Amino acid sequence: MMRRFLSQRRKKKTSSLIAERLQQRNDPAPTLSTSLQQNMETFKTVLGSPHDLLIRSFYIGNTNHSCAVIAIDGLANCDMLDMQVLGHIQLMISTASKVVPTEPDEIIRMLYEEVLSVVEISKSTDFTKTLESILSGDTALIVDGASEIIVIDSKGWKTRSIEEPVSEGLVRGPRDGFTESIRDNTVHIRRRIKDPNLRFEGSIVGRRSRTDVIIAYIDNIADPELLNEVRRRISTIDVDEVEESGFIEQWIEDDFLSPFPQIHNTERPDKVSGALFQGRIAVLVDGTPMVLILPVTIGLLLHSPEDYYERWIVGSLARLLRYLAAFLAVYSPAFYIALVTFHPGLIPSDLAFSIAATRDGVPFPAFVEAIMMVTTMELLQEAGIRLPKPIGQTIGIVGGLVIGDAAVSAGIVSPVMVIVVALTAIASFAIPSYHLAIAFRMIRFFAMFMAGIFGIYGVVLSFITIMIHLSNLTSIGYPYLAPLAPQMPRDWKDMILRAPVTFLKTRPDALHPKDENRMQTGGS
Amino acid sequence: MNRQPTAFCIFLLLSTLLAGCWDQVQIEERGFVVGVAIDKPRTKEAEQQAKQEAPDKPQVKERFLVTHQFVVPGGLVSGGQGSGGGQNTANEAYHNLISEGDSLFEISRELATRTSRTPFYQHMKILIVSEDVARTKNGFARALDFYLRDPDSRRSSKVFISNGPAKEVLEVKPKTEKLPAIYVNSIGENVTKNSRMLPEVRLGDVHEELLSPFSFVVPRIRPEEQEVKLAGAAVFTYDNQLMGFLGEEETEGLNFLTGKVSGGMVKGKFKNNLVSMNIQGIKHSIETDLRDRQRMKFTIIIECEGTLAESYATTDYLNHTAMEKLEQVFAEEIKRMSNDTIKKVHKQMKVDVIKLGSYLKQHHFSLWKKIRQDWETGQHLYEKSEITVQAKVYLRNIGAINRTERQNNR
């Protein structure tokens, strides 16, 4: 029901630009006139003459043709404007003793072709497009009386320097991470993929924010159907602002009721380039270091780039450990509850007696005890993220003391429970992708409830439920559990184990790549 | 339009709310029964009291005195640490509850009136039935019926027959373990070190034997003040009645005959000095000559492998002929023990605990189908058969040294 409702909403076409907004105000769409004064006025009224609007009018060379540059202060690189635009127009024309034509349109031509030494430069007659360019950091050069405007690319604002990705650390692997600037991010990818088939498809999303969104893929690897679907879904986005790639992710994901992430996000360029080589697609969004990778298979979420960088034995063992961690992160409190309250016969005798001994005097049933402890852990985790770093450490100490020691000696929880919760927490930190770990945290409560009501039977039921859901789930139409369900034995070499690199001859079948082979010779 | 989802939600709620939690008992609220001992009540007092209380109740001849050993988990934690351990002043890790009645189920339920933690049988390690109970007709099977039938108890509990009152086994005060039942259970696992005890017989095995037409043996346990001794075997006839006991050496012989030796030792005399062997495993096979049904011939071949464990004789064991002689000595000893056992179980007790009947059933089924009724009963073909033993010993090494002192003390 909800899905149908959503798809109906998505069908509504995006056709809105600034012009539409202006039309909504019942103003006639402003157009460019030939008068410099009038043009400057139009820009001022449309933008509401904000504080950061930069308008500088001057004369060309030593003639009396007046002209003006319009830019946004801070977005445009003022050094560049000084040297290449104003400097050239005012000084170079006179020093190089060029003849300035009298016709304004001829002046435009001369400036465009001879004077301005800027690579990215264009002519425009459309007001709204010019305005948009100015708002994204370009500079408009208006000559009095001319019918065209020169738009100079002068983007140059302050960006964060490249730092190590905070959310995904590695021991072995490149240290650079994406930044908030989409240009820097494409550079990261381009530097890793010198293939001429690497494509960056730009589009603009957000009615008001006008955010740059780039679909990156390798043309002769990525499945064209996948590409068309991603293009289609992105084109349906109709929203005011895109502050983070999460907005895009939530618009184009398959099932918004599922706890599982259907689109991966990462700030590691090596992970993105690896995914592109596999036949996946990346979506870069301006203003965030988080790049989306799609489609997602469960393997992508549980694998780490390090699995490929380390030798295959290390990588395979690390993966096995991670699958175990995934299981523990979801089910260890549930198993504790089920065994302690329903099936003590399944615990080895000595352990059963000692659990009974430590639970002696604990006032809560195991289920309540577990819910309390797991919730406390969630609280600590959440508080630890929000707190500024210097205070964040105290949370660890306070939390550790309260949970680990005080609660046990006060007899509120049993020590075994503390061990179980600690194991759960450690296991969930071992999962490489944060958003999958969050999904597991949610499912953990579901499993605990089932265990509290039905015992092991409930745990099994919850496992079956989750498996049914996962095998139904798709990511951009591609099965989530591939290559396990549907079975694709050829992909198993890179699923639970990671075969030696010489064995990884083909790209994942699950992604239907155009070019299946990774090796010319078929390896040695 | 919304009726289906609503109905679904109601079903889901009903199924969880009406069905859930019925066997939810917190682990610390369960009374873990680790051992049960079944005796015959000694006094008539209890019987008379029962008669007074309910005079019209039909009388049953057999009554049981059952001792349940409960774990007191607080006592297991060393140092008495842990909250709520205060009520247990003696710091004993167990608690024996003795109850009497004619029905074992009744006894089990009667305990609920006396203890806060109701019996939970899934961790029952040992089940001891006293000699007196086992000697009565069908007594053994009746005593076990409840524990076999109850889905809560495990078929892996070890069963013993006590020589004397069974509850005394649960009352020993071992120094090494806190729970007597765990202590007995651990002794039962020492078969790899000593061949004089029978390999463990579990509740499930006993059930199998009770259903089968063969005689069988159950380990014998003898309680003493501070400890128990687990050696010897109780012999049950095909109609599941205790017939008698086998001594320690006879049990060892029986273990050789059935091939169930997994470790232990054999002593022998070599050049008038004592030598002993550490058994490391045996191979056991049976050869048959079944031409004459009235005089079937069985040859039990025992091949035993071991190392020299102790030698008072100062011989050069690196000498090949000396080793062969030594092997001969041990083989003779094994043969002697086995023959002693055969003399007892075949000639005196006339019970097929050597399991020749089950051998015939497995290897000569067509024959077995015809003589099934005449094996231990009817024509008594088992008694009429002839059993011989051949023993062969392989000594694999002589230990870390050759001699302890100079030869002939020169």
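Please read all numbers here as calculations on a predicted model, not as lab measurements.

Q: I keep staring at the overall build of chain B and nothing clicks. Help me out?
A: From N to C terminus, chain B includes 13 helices and 13 strands. Projecting the C-alpha coordinates of chain B onto the three principal axes gives extents of approximately 95 × 65 × 60 Å. Counting all 410 residues of chain B, 39% fall into the buried class. For chain B, the share of sequence-separated contacts (at least 6 apart) that also reach a separation of at least 24 residues comes to 72%.

Q: I keep staring at the environment of L179(B) and nothing clicks. Help me out?
A: Position of L179(B) relative to the elements: it lies in the loop between β6 (158–162) and α7 (180–187). For L179(B), the contacting residues outside a window of four places in its chain are V34(B), V71(B), A93(B) and Y94(B).

Q: What is the right way to look at the pairing of strand β9 (residues 281–285) of chain A in this model?
A: Consecutive residues of a regular strand have side chains that alternate between opposite faces of the sheet. Residues and elements named next belong to chain A. Most of β9 sits out of view: 5 of its 5 residues are buried. The alternating pattern of β9 places I281, V283 and V285 on one face and A282 and L284 on the opposite face, and all of these are buried. Of the strand pairs in this sheet, strand β7 (residues 211–218) and β9 are connected by 4 bridges, and their pairing is antiparallel. Bridge pairing in β9 places I215 opposite V283. Linking two consecutive strands that pair antiparallel, namely β9 and strand β10 (residues 291–294), is a turn of 5 residues; a positive phi of about 95° is found at G287 within it.

Q: In this structure, what is going on with unusual backbone geometry? I would like to understand it.
A: Residue and element names in this part refer to chain A. Cis peptide bonds are those with omega within 30 degrees of zero, and the linkage from A482 to P483 qualifies with 10°. Tracing the sequence through the fold places P483 in the segment after β12 (478–479). Cis geometry is adopted by the peptide bond preceding P486, which originates at A485 and carries an omega value of 5°. Among the secondary structure elements, P486 is positioned in the segment after β12. Of note, the phi angle at I476 is positive, near 50°, even though the residue is not glycine. Inspection of the secondary structure assignment puts I476 in the loop between β11 (474–475) and β12.

Q: What is the right way to look at the UniProt feature "transmembrane region" (unreviewed entry) in chain A in this model?
A: All names here are of chain A. According to UniProt, the positions carrying the feature "transmembrane region" (unreviewed entry) are residues 320–342, 418–438 and 445–470. Taken end to end, residues 418–438 has its terminal C-alpha atoms 21 Å apart, with 81% of it in helix and 0% in strand. Between the C-alpha atoms that bound residues 445–470 the distance is 17 Å, and the span itself is 96% helix and 0% strand.

Q: Help me understand the confidence of the model for chain A in this model?
A: Should the pLDDT be low somewhere, the predicted coordinates at that spot are not to be read in detail. Looking at chain A as a whole, its pLDDT mean stands at 87, while 94% of the residues score no less than 70. Contacts from residues 8–16 of chain A, a stretch scored under 50 in pLDDT, to residues over four places away or in other chains number 6 contacts.

Q: Please clarify how the pairing of strand β5 (residues 149–152) of chain A should be interpreted in this entry.
A: All names here are of chain A. Burial along β5 is two-sided: I149 and V151 and I150 and I152, pointing in opposite directions, are all buried. For strand β4 (residues 139–143) and β5, the ladder comprises 4 bridges, and the chain directions are antiparallel. Directly across from T139, in β5, lies its bridge partner I152. A loop of 5 residues connects β4 with β5, the two strands running antiparallel in sequence, and G145 in this loop sits at a positive phi of about 90°.

Q: Help me understand the interface of chain A and chain B in this model?
A: By a widely used convention, the size of an interface equals the accessible area lost when the partners come together. The interface of chain A with chain B comprises 21 residues on the first partner and 23 residues on the second. Elements that contribute at least two residues to the side of chain A that touches chain B include exactly α13 (312–341), α14 (349–359) and α18 (434–454) of chain A. Ranked by residue count, the leading element in the side of chain A that touches chain B is α14(A), at 9 residues.

Q: Would you mind going over the sheet that holds β5(A) with me for this structure?
A: Sheet strands line up and pair through hydrogen bonds in the backbone, either parallel or antiparallel. All names here are of chain A. Reading across the sheet, the 5 strands line up as β1-β2-β4-β5-β3 and stay open at both edges, with antiparallel pairing between neighbours. The outermost strands of the open sheet, each flanked by one partner alone, are β1 (53–59) and β3 (121–124). Ignoring which end each strand starts from, the neighbouring axes of this sheet average 20° apart. Those strands touched by helix α3 (residues 36–47) are β1, β2 (66–72) and β4, and its axis lies near 15° from that of β2.

Q: Quick question: what am I supposed to make of helix α10 (residues 269–278) of chain A here?
A: Residues lying three or four places apart along an α-helix face the same way, a consequence of the helix completing one turn every 3.6 residues. Residue and element names in this part refer to chain A. Within α10, 8 of the 10 residues are buried, which leaves the element mostly enclosed by the surrounding structure. On its buried side, α10 packs onto α7 (182–192), β7, β8 (264–266), β9 and β10. Downstream of α10 by a residue or two, G279 has a phi angle that is positive, lying close to 110°.

Q: Where do I start with the sheet that holds strand β11 (residues 273–289) of chain B in this structure?
A: All names here are of chain B. Read across the open sheet, the 4 strands follow the order β10-β11-β12-β13; overall the sheet is mixed. Edge positions in the sheet fall to β10 (264–270) and β13 (386–397), since each has one partner strand and no second. With strand direction ignored, the average angle separating the axes of adjacent strands in the sheet is 40°. As paired elements, β10 and β11 share 7 bridges and run antiparallel to each other. Across the sheet, V266 pairs through a bridge with M277, a residue of β11.

Thresholds applied
- Residues numbered from 1 in each chain as written.
- Chains lettered and ligands numbered in written order.
- Predicted model: local features only at pLDDT ≥ 70, side-chain atom pairs only at ≥ 80, totals over all residues.
- Helix = DSSP H or I, 4+ residues; strand = E, 2+ residues; numbered from the N terminus.
- Buried ≥ 20, exposed ≤ 12 C-beta atoms within 10 Å, placed from the backbone.
- Contact = placed C-beta atoms within 7 Å.
- Pairing = 2+ DSSP bridges.
- UniProt positions renumbered as here; feature names shortened; annotations may be inferred.
- pLDDT = per-residue confidence, 0-100.
- Axes fitted to C-alpha atoms, helices over the stretch in contact; angles between N-to-C directions.

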